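Structural overview
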Amino acid sequence: MEARAILRNVPTSPRKMRLVADMIRGQKVSRALAILQYQPQGAAPVLKKVLMSAVANWQQRNEEAKLEDAELYVKTIFVDCGAMLKRLRPAPQGRAYRVRKRSNHITIVVDDAAEVIQQEA
């Protein structure tokens, strides 16, 4: 049984967020949390919070299962573009440069590896 967590309108560039998201794709949840704990990027604490939310959602849907016994892993993680704020910055000779302040949406899906193995057998 999989569970997901979605965070919308994070004020970070999707490109910067994807660099950190690629590190934890396919990893076990415990290892992914350890990776995010020691990453210097600003996106790491945000992804850690969303991952913990996905684990809590899985726990809510599977109350009879123990979290310690489950082999949870990051099944899917993707970062989509969100709304873009367009601002103007003064430039020389009366011109203006456009500044695009990007945002993103994060989606994380966690699943139990033991259930996947049982379904294949």
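What this report covers is the structure whose coordinates are included nearby. (Residues numbered from 1 in each chain as written. Predicted model: local features only at pLDDT ≥ 70, side-chain atom pairs only at ≥ 80, totals over all residues. Heavy atoms only, no water.)

1. Regarding the environment of A54
Residue placement: A54 occurs in helix 3 (residues 43-61). C-alpha separation for the pair A54 and A3, spaced 51 residues apart in sequence, amounts to 6.1 Å. Sequence-distant contacts of A54, defined by excluding residues within four places in its chain, comprise A3, R4, A5, I108 and V110. (Helix = DSSP H or I, 4+ residues; strand = E, 2+ residues; numbered from the N terminus. Contact = heavy atoms within 4.5 Å.)

2. Some remarks on a positive patch on the surface
Residues K86, R98, R100 and R102 make up a contiguous surface patch of positive charge. If you trace the backbone, K86 turns up in strand 3 (residues 85-90). (Patch = residues over 30% accessible without salt bridge, like charges linked within 9 Å, V, L, I, M, F, W, Y side chains within 5 Å. Areas by Shrake-Rupley, 256 points an atom, 1.4 Å probe, with all protein chains shown as cover. Salt bridge = Lys/Arg side-chain N within 4 Å of Asp/Glu carboxyl O. Lys, Arg positive; Asp, Glu negative; His and termini not counted. Charge placed at Lys NZ, Arg CZ, Asp CG, Glu CD.)

3. Some remarks on unusual backbone geometry
A positive phi angle, near 60°, is found at N9, a position not held by glycine. Tracing the backbone through its elements, the reader meets N9 in strand 1 (residues 3-10). One non-glycine residue, Q93, lies in positive phi territory at about 60°. Residue placement: Q93 occurs in the loop between strand 3 and strand 4 (96-101).

4. Considerations on the nonpolar core
With 28 residues, the main nonpolar core has L47, L51, I108 and V110 as its most contacted residues. Of all elements in the fold, only strand 1, helix 1 (14-24), helix 2 (29-37), helix 3, strand 2 (72-81) and strand 5 (104-112) reach the threshold of two or more residues within this core. Per-element accounting of this core gives the leading share, 8 residues, to helix 3. Beyond its immediate chain neighbours, meaning those up to four positions away, I108 contacts A3, R4, A5, L47, V50, L51, A54, V74, T76 and I77. (Core = buried A, V, L, I, M, F, W, Y, C linked by side-chain atoms within 4.5 Å. Buried < 20%, exposed > 50% of the residue type's maximum accessible area, 1.4 Å probe, protein only.)

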